[in-house]
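Structure at a glance
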Amino acid sequence: MPQSSLMLTLRGLVLPVYLPWMTGGLGVAMLIPVLPVYLRESGMSFTLVSVVLAATGLGAMIGGLPMGALLGRIGEDRVMVVALVAMAGATAALGITTAVIGLTTLRLAHGVGSIGLRLSRQTFMTRNVSPG
């Protein structure tokens, strides 16, 4: 692939792929060092902090198949928007509760959103970028 063709392909992916990934990733990156400290200072034990933090991975695992099915029904662009809204809403709502069940539910929702974002962008790339 010539250099100019590669650059055109990469430029064409900035808005539909890289910007959503960066938006979702920025929120997660800001939350990773702060959330455990916030939860610990709110009086939670290390065990409960671990449960709340692990809920994101569990949400991603549980949400993979439903998000994949949703991709086939409404398309990758709509799934991307739904996923980003779910991630942003769940993250924003973390500050209004200290109940473990509420925090865990919000982190589960964030995990479902994160897998939806990943799957929607991977599907977009598969459909729109040539293998070469």
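Procedures and definitions
- Residues numbered from 1 in each chain as written.
- Predicted model: local features only at pLDDT ≥ 70, side-chain atom pairs only at ≥ 80, totals over all residues.
- Heavy atoms only, no water.
- Helix = DSSP H or I, 4+ residues; strand = E, 2+ residues; numbered from the N terminus.
- Expected span 1.5 Å × (residues − 1).
- Buried < 20%, exposed > 50% of the residue type's maximum accessible area, 1.4 Å probe, protein only.
- Polar contact = N/O pair within 3.5 Å; in protein donor to acceptor, adjacent residues only side chain to side chain.
- Contact = heavy atoms within 4.5 Å.
- Core = buried A, V, L, I, M, F, W, Y, C linked by side-chain atoms within 4.5 Å.
- pLDDT = per-residue confidence, 0-100.
- Salt bridge = Lys/Arg side-chain N within 4 Å of Asp/Glu carboxyl O.

1. Overview of helix H2 (residues 14-41)
Quick reminder: α-helices carry 3.6 residues per turn. Residues three or four places apart thus point the same way. The terminal C-alpha atoms of H2 lie 39 Å apart, and with 28 residues this matches the ideal 40 Å at 1.5 Å per residue to within 8%. Every buried residue belonging to H2 is among Pro16, Val17, Pro20, Gly24, Leu31, Leu35 and Leu39, and all of these are buried.

2. Here's the deal with the side chain of Glu76
For Glu76, the position within the fold is in helix H4 (residues 76-93). Of the residues examined, Glu76 reaches a relative accessible area of 11% and is grouped as buried. A polar contact is formed between the side chain of Glu76 and the side chain of Arg127, at a distance of 2.8 Å. In contact with Glu76, not counting residues within four places along its chain, are Leu71, Ser120, Arg121, Thr123, Phe124, Arg127 and Asn128.

3. With respect to the nonpolar core
Counting residues in each nonpolar core, the largest one holds eleven residues, listed as Leu31, Leu35, Leu39, Met44, Val49, Val52, Ala90, Ala93, Leu94, Leu103 and Leu106. Secondary-structure elements contributing two or more residues to this core are H2, helix H3 (46-74), H4 and helix H5 (100-128). Looking at which element gives the most residues to this core, the answer is H2, with three residues. In this structure Leu94 touches Leu31, Leu35, Tyr38, Leu103, Leu106 and Arg107, once residues within four positions along its chain are discounted. The next biggest cluster of nonpolar side chains, apart from the first, holds five residues, and it includes Ala60, Met67, Leu71 and Ile115.

4. Topic: the confidence of the model for the chain
Per-residue confidence for the chain averages 90 on the pLDDT scale, and 98% of its residues sit at or above 70. Confidence, expressed as mean pLDDT per element, reaches its minimum in the chain at helix H1 (residues 3-12) with 80 and its maximum at H3 with 96.

5. Some thoughts on the environment of Ile115
Mapping Ile115 onto the fold places it in helix H5. With relative accessibility at 14%, the residue Ile115 sits in the buried group. Taking the C-alpha atoms as reference points, Ile115 and Ile62, 53 residues apart in sequence, are found 9.4 Å from one another.

6. Here's the deal with the environment of His110
Secondary-structure assignment places His110 in helix H5. The residues contacting His110, other than those within four sequence positions of it, are Val28, Thr56, Met87, Ala90 and Thr91.

7. Overview of the pattern of salt bridges
Enumeration over the complete set of coordinates arrives at two salt bridges. When the shortest N-O distance is used, the salt bridge between Glu76 and Arg127 registers 2.8 Å. One end of the pair, Glu76, is in helix H4; the other, Arg127, is in helix H5, and 51 residues separate them in sequence. Residues Asp77 and Arg121 are paired through a salt bridge, measuring 3.5 Å at the closest nitrogen-oxygen approach. Of the two residues, Asp77 is situated in helix H4 and Arg121 in helix H5; the sequence distance between them amounts to 44 residues.

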